[in-house]
Amino acid sequence: MSKIVKETQEILKQRIIDAVSSAVASGDLPEADMPEFIIEKPSDKKNGDFSSNIAMAGARAYRKAPRMIAESIVSNLDLEGTLFERAEIAGPGFINFFLSDEYYAKILTDVVESGADYGKSDYGQGKKILVEFVSANPTGPMHIGNARGGAIGDCLASVLQYAGYDVKREFYINDAGNQIEKFATSLEVRYLQACGKDIEMPEDAYHGADITEHAENFKAEYGDKYADSPSDERRKALVDFALPQNIAGLERDLGRYRITYDKWFRESTLHADGSVDKVISALKEKGATYESEGALWFKASEYGNDKDIVLIRANGLPTYIVPDIAYHYNKLVTRGFNKAIDVLGADHHGYVPRMKAALTALGLDADRLDCVIMQMVRLVRDGETIKLSKRSGKAITLNTLLEEVPIDAARFFFNLREPNSHFDFDLELAAKQSSDNPVYYVQYAHARICSILKRAKAQGVEITAPGDDELKMLCSDEERELITHLSALTDEIVSAAKSYDPAKITHYVIELATLFHKFYNAHRVVVDDKALMNARLYLCTAVKSTIYNILTMLKIEAPESM
């Protein structure tokens, strides 16, 4: 919560405790241990700005009706020197507290004076978090699911940073295993076809146009040199040619999407440095494996998974889960991150308990791994779902999406729903420049405020830091709603960090824009009363600064004119 809100609540809690102590000392209440109680914001504004259940919580301890307890507390309550002007008893014994004008003045001053730091907190206490997201197989271009995962992962990392965590972003490159073998097969077939060989592409291979393009470029450079070479030699040459180009393409395309990683981690390094073998040995030493039918199995069912899983196949090759276990061990032990967060697709539900079981077997706290499961995206145009197949090569890629939809809209839209919800991405709406488009609506609010401030300056108005007396003039419902919403930003960021849900921030800033437009439509900013004008311009400045901070956090532009 903002500094002012936090201090106000802490002071209120202490004054309530002092009031109870005074009531006990005067004989109004009997001696008893202080009950646990809460202070919260009522959903209905008429019930005050804060409310406490202290009277209900203390009914058993003080052996009195809650209403009587509340009366004793209120009669002993001293609000002098606080930002509260009065307390009232409601219903069976709730105590409602009403803030003074000075509170709203201090909130605004805090927002403006905090500037670019407003919304940030030390909630995370600098704990190290690694957010791994997208991690698309480098065997082809990124699809629409990767586009959602990129926006969610990147914005989640930003939210965690604002909440006080030390955050790193990482892309895990699957440059070993079955996907690469399939990639090699696909390239080999297309290359041999280009060399005039009569060979069919396996149905389960990659049929995309990018595979054909790689094979043709390879032939253009090497001709028929590899046409009659041993298959292993030919496949290696093709992968060594195409894979680096794909990885560079992933980095380029994600950079265009405003995503920059701290590290691109290659799966192949885990095989090369012995990490994969070490994980197998460690699990054996823990007694967490057994052999059956020539394969090595992990006793995953003893560690929370629904069934055991194969680690090493009968042919001696590790399954995909082994390097993944080694990778997570590397994150949490070798590199010492306090927490690893994976942003995964909906098809990974079974993956999570398997990975947690492995970490538990290795002696780690499985709660140090958190997974954000992301549901599928449906692209919609003219109210119709666009059905496309990745295998046929006709999927909409990240690049083709960004050719049709502005980057700002893509990043904002993919964070409009919590990750585990299905999402219909309306291509027409995302490209629309109107208030129907939520990102345009928010950006327009920022641009509108910039225009207001610019016009005021052109008229010779100089905005100065108003005193509390001037700020207390901002007492209309619209102004108070706006200031109250501003005060909630830090709490909202912490809540988004706790729940791994950046959509809370897009919802917050949409509501902020709505409240600003509501205020602007109800009140003139540049008025004859100079003190009131200065206060309203200061309020505009606070809203502008907050919208800018949020859009910057989400890596979305905050235009000054539209």
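Let us look at the structure shown here. Owing to the predicted nature of the structure, the values given are computational and were not obtained by experimental measurement.

1. Let's talk about the overall build of the chain
Logical step 1: The number of helices and strands found in the chain is 22 helices and 15 strands.
Logical step 2: In terms of its C-alpha atoms, the chain occupies a principal-axis envelope of roughly 95 × 65 × 40 Å.
Logical step 3: Split into buried and exposed, the 562 residues of the chain put 51% on the buried side.
Logical step 4: A sequence separation of at least 24 residues applies to 71% of the contacts in the chain between residues at least 6 apart.
Logical step 5: For the chain, the accessible surface area stands at approximately 25800 Å², while carbon and sulfur atoms represent 47% of it.
Logical step 6: In the chain, 67 side chains carry a positive charge and 85 a negative one; their mean positions are 1 Å apart.

2. Digging into the side chain of Thr289
Logical step 1: Among the structural elements, Thr289 can be located in strand 8 (residues 289-292).
Logical step 2: Residue class for Thr289 comes out buried when judged on its relative accessible area of 15%.
Logical step 3: Apart from residues no more than four positions distant in its own chain, Thr289 is found in contact with Leu283, Lys284, Leu296, Trp297, Phe298, Lys299 and Leu311.

3. Side note on the side chain of Asn415
Logical step 1: Take Asn415: it is sitting in the loop between helix 15 (407-413) and strand 15 (423-426).
Logical step 2: Looking at Asn415, its side chain comes within polar contact range of the main-chain oxygen of Ala151, at 3.2 Å.
Logical step 3: If near-sequence neighbours (up to four positions away) are discounted, Asn415 is found in contact with Ala151, Ile152, Cys155, Pro502, Ala503 and Thr506.

4. Some thoughts on the sheet that holds strand 14 (residues 384-385)
Logical step 1: Within the open sheet, the three strands sit side by side as 14-13-15. Their pairing is mixed. At either end of the open sheet lies a strand with only one pairing partner, and these are strand 14 and strand 15.

5. Focus on the pattern of salt bridges
Logical step 1: Tallied over the full model, the rule gives 30 salt bridges.
Logical step 2: Two residues, Arg266 and Asp175, come together in a salt bridge whose shortest N-O distance is 3.3 Å. Here Arg266, found in strand 7 (residues 263-266), pairs with Asp175, found in the loop between strand 6 (166-173) and helix 7 (178-194); they are 91 residues apart in sequence, far enough to count as distant.
Logical step 3: Residue Asp224 pairs with Lys219 through a salt bridge whose shortest N-O separation is 3.8 Å.
Logical step 4: With a relative accessible area of 46%, Asp224 lands in the partly exposed category.
Logical step 5: Sharing partners across several salt bridges, the network here consists of Asp154, Arg169, Arg411 and Lys555.

6. A short note on the environment of Val310
Logical step 1: Tracing the backbone through its elements, the reader meets Val310 in strand 10 (residues 309-312).
Logical step 2: Residues Val310 and Leu482, 172 residues apart in the sequence, show an inter-C-alpha distance of 57 Å.
Logical step 3: Those residues in contact with Val310, other than ones at most four positions away along the chain, are Ala295, Leu296, Trp297, Thr319 and Ile321.

7. Focus on the nonpolar core
Logical step 1: If you look at the biggest cluster of nonpolar residues, it comprises 145 residues, and the most contacted ones within it are Leu160, Tyr257, Leu401, Phe414 and Phe425.
Logical step 2: If one sorts the elements of this core by residue count, helix 22 (residues 530-553) sits on top with 13 residues.
Logical step 3: If near-sequence neighbours (up to four positions away) are discounted, Phe425 is found in contact with Val377, Arg378, Leu379, Val380, Leu401, Val405, Ala410, Phe413, Phe414 and Ala430.
Logical step 4: The next biggest cluster of nonpolar side chains, apart from the first, holds 34 residues, and it includes Ile280, Phe298, Ala300 and Val352.

8. Side note on the sheet that holds strand 4 (residues 94-99)
Logical step 1: Across the sheet, which stays open at both edges, the four strands sit in the order 1-2-4-3 with antiparallel pairing between neighbours. Only two strands of the sheet have a single neighbouring strand rather than two, namely strand 1 (39-40) and strand 3 (84-90).
Logical step 2: Of the pairings in the sheet, the one linking strand 1 to strand 2 (residues 50-52) comprises two bridges and is antiparallel in character. Residue pairing across strands places Ile39 opposite Ser52, the latter belonging to strand 2.
Logical step 3: Those strands touched by helix 4 (residues 66-75) are strand 3 and strand 4, and its axis lies near 160° from that of strand 3.

9. Considerations on the environment of Phe50
Logical step 1: With respect to the helices and strands, the residue Phe50 is situated in strand 2.
Logical step 2: The exposure class of Phe50 is buried, given its relative accessible area of 2%.
Logical step 3: Through-space distance from the C-alpha of Phe50 to that of Ala147 is 41 Å; in sequence the pair is 97 residues apart.

10. Some remarks on the packing of helix 19 (residues 477-487) against helix 22
Logical step 1: The interhelical angle for the contact between helix 19 and helix 22, taken along N-to-C directions, is 35°, at an axis separation of 11 Å. The chirality of how helix 19 crosses helix 22 is left-handed. Along the contact surface, helix 19 presents Glu479, Leu482, Ile483 and Leu486, while helix 22 presents Arg536, Leu539, Ala542, Val543 and Thr546.
Logical step 2: Per-class residue counts for the contact of helix 19 with helix 22 are six nonpolar, one polar and two charged.

11. Some points on the packing of aromatic side chains
Logical step 1: Summed over the entire model, instances satisfying the criterion amount to 26 aromatic pairs.
Logical step 2: Their ring planes at 40° and their centres at 4.7 Å tell us that Phe218 and Tyr222 sit as a pair that is tilted. With Phe218 and Tyr222 both in helix 8 (residues 209-222) and four residues apart, the pair spans about one turn of that helix.
Logical step 3: Its relative accessible area of 1% is what places Phe218 among the buried residues.
Logical step 4: An aromatic cluster is built from Tyr191, Phe218, Tyr222, Tyr226 and Phe241, whose rings are joined through pairwise contacts.
Logical step 5: Taking NZ or CZ as reference, Lys13 lies 5.9 Å from the ring centre of Phe37, over its face.
Logical step 6: Residue placement shows Arg411 over the ring face of Tyr257; its charged tip is 5.9 Å from the ring centre.

12. Topic: helix 19
Logical step 1: Three or more residues of helix 19 are buried, namely Glu479, Arg480, Leu482, Ile483, His485, Leu486 and Ser487.
Logical step 2: Looking at the buried residues of helix 19, the elements they touch are helix 1 (3-25), helix 5 (101-114), helix 20 (489-499), helix 21 (503-522) and helix 22.

Rules used throughout
Residues numbered from 1 in each chain as written. Predicted model: local features only at pLDDT ≥ 70, side-chain atom pairs only at ≥ 80, totals over all residues. Heavy atoms only, no water. Helix = DSSP H or I, 4+ residues; strand = E, 2+ residues; numbered from the N terminus. Buried < 20%, exposed > 50% of the residue type's maximum accessible area, 1.4 Å probe, protein only. Contact = heavy atoms within 4.5 Å. Areas by Shrake-Rupley, 256 points an atom, 1.4 Å probe, with all protein chains shown as cover. Lys, Arg positive; Asp, Glu negative; His and termini not counted. Charge placed at Lys NZ, Arg CZ, Asp CG, Glu CD. Polar contact = N/O pair within 3.5 Å; in protein donor to acceptor, adjacent residues only side chain to side chain. Pairing = 2+ DSSP bridges. Salt bridge = Lys/Arg side-chain N within 4 Å of Asp/Glu carboxyl O. Core = buried A, V, L, I, M, F, W, Y, C linked by side-chain atoms within 4.5 Å. Axes fitted to C-alpha atoms, helices over the stretch in contact; angles between N-to-C directions. Left-handed = near helix turned anticlockwise from the far one by under 90°. Nonpolar A, V, L, I, M, F, W, Y, C, P; charged D, E, K, R; others polar. Phe/Tyr/Trp six-rings, centres within 6.5 Å; stacked < 30°, edge-to-face > 60°. Lys NZ or Arg CZ within 6 Å of the ring centre and 35° of its normal.

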